[in-house]
Amino acid sequence: LGLIRKILDTSILECCMMVLSSAVIGVGNSGPHHLSALHRNPRTEVTAVCDLNEDLASEYANEYDAESYQDASALIEEIELDWAHICTPVQSHLKLASLFLEEGIPILIQKPITTNYNEFKQLSSKAEKENVQVSVVHNQAFSGLVRDIRKNINSGYFGDVTSVSVITGDGH
């Protein structure tokens, strides 16, 4: 609701120039990539970094001139956010996402969104109930490798495909 209020209280010109207050939750794996991307975007400001590892949270918070937290609940209580990136292990996604959704804070979740379909339904229901946007990162969806695999599946090249697992490394 904070972002909606901010938009409603501003003119169209101000809205186009608005800088979104952003937090990254989890900086052990993909979180640093999110921090870097947010930092490079002139319409976002990294306001907070949260990680259970206090040293890691402090290191990245210092690098991006942000507040450091080890507890997402404390972050939510103390910082007014426009959105949050959840980059933690998948087992924590539902709990963390629920905290932000309950406060009306839109979230971007690193894939996979949840550990199973039941958790996904819970998260989806919570987002719908709270009327808050949830997005999932699918950064490889349009890579050359994935497009080629999709083309081959759709053409029947592999026969009847029931499951696909792709492991990439070294840029391949």
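Notes on the structure follow. (Residues numbered from 1 in each chain as written. Predicted model: local features only at pLDDT ≥ 70, side-chain atom pairs only at ≥ 80, totals over all residues. Heavy atoms only, no water.)

A look at the nonpolar core
Side chains that are nonpolar tend, in soluble globular proteins, to be buried together.
Okay, step 1: Residues Ile-25, Leu-75, Ile-86, Phe-100 and Ile-107 are the most contacted members of the largest nonpolar core, which totals 24 residues.
Okay, step 2: For this core, the secondary-structure elements that each account for two or more residues are β1 (20–25), β2 (44–50), α5 (72–78), β4 (83–86), α6 (93–102), β5 (107–109) and α7 (117–130).
Okay, step 3: A total of five residues in this core trace back to one element, the largest contributor, which is α6.
Okay, step 4: Contacts of Phe-100, omitting those with residues within four sequence positions, involve Ile-25, Ala-72, Leu-75, Ile-76, Leu-81, Ala-84, Ile-86, Ile-105 and Ile-107.
Okay, step 5: By size, the runner-up hydrophobic cluster in this structure holds eleven residues, among which are Leu-35, Leu-38, Tyr-60 and Ala-66. (Core = buried A, V, L, I, M, F, W, Y, C linked by side-chain atoms within 4.5 Å. Buried < 20%, exposed > 50% of the residue type's maximum accessible area, 1.4 Å probe, protein only. Helix = DSSP H or I, 4+ residues; strand = E, 2+ residues; numbered from the N terminus. Contact = heavy atoms within 4.5 Å.)

With respect to a negative patch on the surface
Okay, step 1: Together, Glu-45, Asp-65, Glu-67, Asp-71, Glu-77, Glu-78 and Glu-103 give the surface a local cluster of negative charge.
Okay, step 2: Note that Glu-78 resides in helix α5. (Patch = residues over 30% accessible without salt bridge, like charges linked within 9 Å, V, L, I, M, F, W, Y side chains within 5 Å. Areas by Shrake-Rupley, 256 points an atom, 1.4 Å probe, with all protein chains shown as cover. Salt bridge = Lys/Arg side-chain N within 4 Å of Asp/Glu carboxyl O. Lys, Arg positive; Asp, Glu negative; His and termini not counted. Charge placed at Lys NZ, Arg CZ, Asp CG, Glu CD.)

Overview of the pairing of β1
Okay, step 1: By the criterion of burial, β1 is predominantly enclosed, with five of the six residues buried.
Okay, step 2: Alignment of β1 against β2, held across six bridges, turns out to be parallel. Note that in β2 the partner of Ala-23 across the bridge is Ala-48.
Okay, step 3: Following the chain from β1 across helix α3 (residues 31–40) to the adjacent parallel β2, one finds a crossover that is right-handed.
Okay, step 4: Note: β1 against β4, four bridges, orientation parallel. Within β4, the position partnered with Ser-22 by the bridge is Trp-83. (Pairing = 2+ DSSP bridges. Right-handed = clockwise from strand over helix to strand, strands pointing away.)

Regarding the pattern of salt bridges
It is possible for side chains bearing opposite charge to pair when their charged atoms get close.
Okay, step 1: Summed over all chains, the structure comprises one salt bridge.
Okay, step 2: The partner of Lys-126 in a salt bridge is Glu-102, and the shortest N-O contact between them spans 2.8 Å. Placement of Lys-126 in helix α7 and of Glu-102 in helix α6 is noted, with a sequence separation of 24 residues between them.

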